[in-house]
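Observations on chain architecture
Now for the letters of each chain:
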Amino acid sequence: QVQLVESGGGLVQPGGSLRLSCAASGTFFSIYAMGWYCQAPGKRRELVASITSGGNTNYADSVKGRFTISRDNAKNTVYLQMNSLKPEDTAVYYCHAGVTSILKYDNDYWGQGTQVTVSS
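Our subject in this report is the structure included herewith. Note that the coordinates shown come from a computational prediction; the quantities given were computed from them, not determined experimentally. (Residues numbered from 1 in each chain as written. Predicted model: local features only at pLDDT ≥ 70, side-chain atom pairs only at ≥ 80, totals over all residues. Heavy atoms only, no water.)

1. Details of the state of the cysteines
Scanning the model with the defined rule gives one disulfide in all. Between the sulfur atoms of C22 and its disulfide mate C95 the distance is 2.1 Å. Its S-S torsion of about -85° marks the bond between C22 and C95 as left-handed, since a negative value means left-handed. You can see C22 sitting in strand β3 (residues 18-26) and its partner C95 sitting in strand β9 (residues 91-100), a full 73 residues away along the chain. Of all cysteine sulfurs in the structure, the one in C95 sits closest to C38, which takes part in no disulfide; the separation is 14 Å. Here C38 falls in the buried class, since its relative accessible area comes to 12%. (Disulfide = S-S within 2.5 Å. Helix = DSSP H or I, 4+ residues; strand = E, 2+ residues; numbered from the N terminus. Buried < 20%, exposed > 50% of the residue type's maximum accessible area, 1.4 Å probe, protein only.)

2. Quick notes on the pairing of strand β11 (residues 114-118)
Along β11, the buried face is formed by T114, V116 and V118; none of Q115 and T117, which line the opposite face, is buried. Of the pairings in the sheet, the one linking strand β2 (residues 10-12) to β11 comprises three bridges and is parallel in character. Residue G10 lies in a different strand from β11, and its bridge partner there is V116. (Pairing = 2+ DSSP bridges.)

3. Observations concerning the packing of aromatic side chains
Under the criterion given, the structure shown has one aromatic pair. The interplanar angle of 70° and the centroid separation of 5.0 Å between the aromatic rings of Y37 and W110 together place this pair among those described as edge-to-face. Linking Y37 in strand β4 (residues 30-39) with W110 in strand β10 (residues 106-110), this pair joins segments that are 73 residues apart in sequence. One Lys or Arg, R45, reaches over the ring of Y94 and ends 3.6 Å from the middle of that ring. (Phe/Tyr/Trp six-rings, centres within 6.5 Å; stacked < 30°, edge-to-face > 60°. Lys NZ or Arg CZ within 6 Å of the ring centre and 35° of its normal.)

4. Some words on the sheet that holds strand β8 (residues 77-82)
Reading across from one edge, β1-β3-β8-β7 is the order of the four strands in this open sheet, with antiparallel pairing throughout. Two strands bound the open sheet, and with one partner strand each, they are β1 (2-7) and β7 (67-72). Looking at each pair of strands side by side, their axes are set apart by 15° on average, direction ignored. As paired elements, β3 and β8 share six bridges and run antiparallel to each other. Within β8, the position partnered with R19 by the bridge is Q81. (Axes fitted to C-alpha atoms, helices over the stretch in contact; angles between N-to-C directions.)

5. Quick word on the pattern of salt bridges
Within this structure, the stated rule accounts for two salt bridges. K64 is paired through a salt bridge with D61; the nearest N and O atoms lie 3.1 Å apart. (Salt bridge = Lys/Arg side-chain N within 4 Å of Asp/Glu carboxyl O.)

6. Description of the environment of G111
You can see G111 is positioned in the loop between β10 and β11. Taking the C-alpha atoms as reference, G111 lies 14 Å from S50; in sequence the two are 61 residues apart. When residues no more than four places from it in sequence are discounted, the contact partners of G111 are L4, E6, Y94 and C95. (Contact = heavy atoms within 4.5 Å.)

7. Brief notes about the nonpolar core
Proteins that are soluble and globular tend to have nonpolar side chains buried together. With 33 residues, the main nonpolar core has W36, V48, L80, M82 and Y93 as its most contacted residues. Within the residue set of this core, elements represented by two or more residues are β1, β3, β4, β5 (46-52), β7, β8, β9 and β11. No other element matches β9, which puts five residues into this core. Y93 has contacts with E6, L20, W36, Y37, C38, V48, F67, L80, M82, G113, T114 and V116, leaving out every residue within four places of it along the chain. (Core = buried A, V, L, I, M, F, W, Y, C linked by side-chain atoms within 4.5 Å.)

This is the structure:
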């Protein structure tokens, strides 16, 4: 079993910055991908950014140039640096991990979510 613990959400003014963190713990063979998704009220959960164990990244068009995803493989932790935040970035942000188990099965795990609110 894998647990994902998120931190770093909160209230920020437009143009401000926040840094989200997500640490994975438990017993597994490897984490091949980690990422962040967001879900605003009444909308579907959608990808914000993802990063593989090799460092390949993928971003939603709406956050390119403003958000940066990074990963510390030794700590099984993923970060999302969010700059130039806009009110439309307001959502619950969920950490995701694609994990290969000891028995070499792949599974998806989610964090509990952290609220990000961008408002003046």
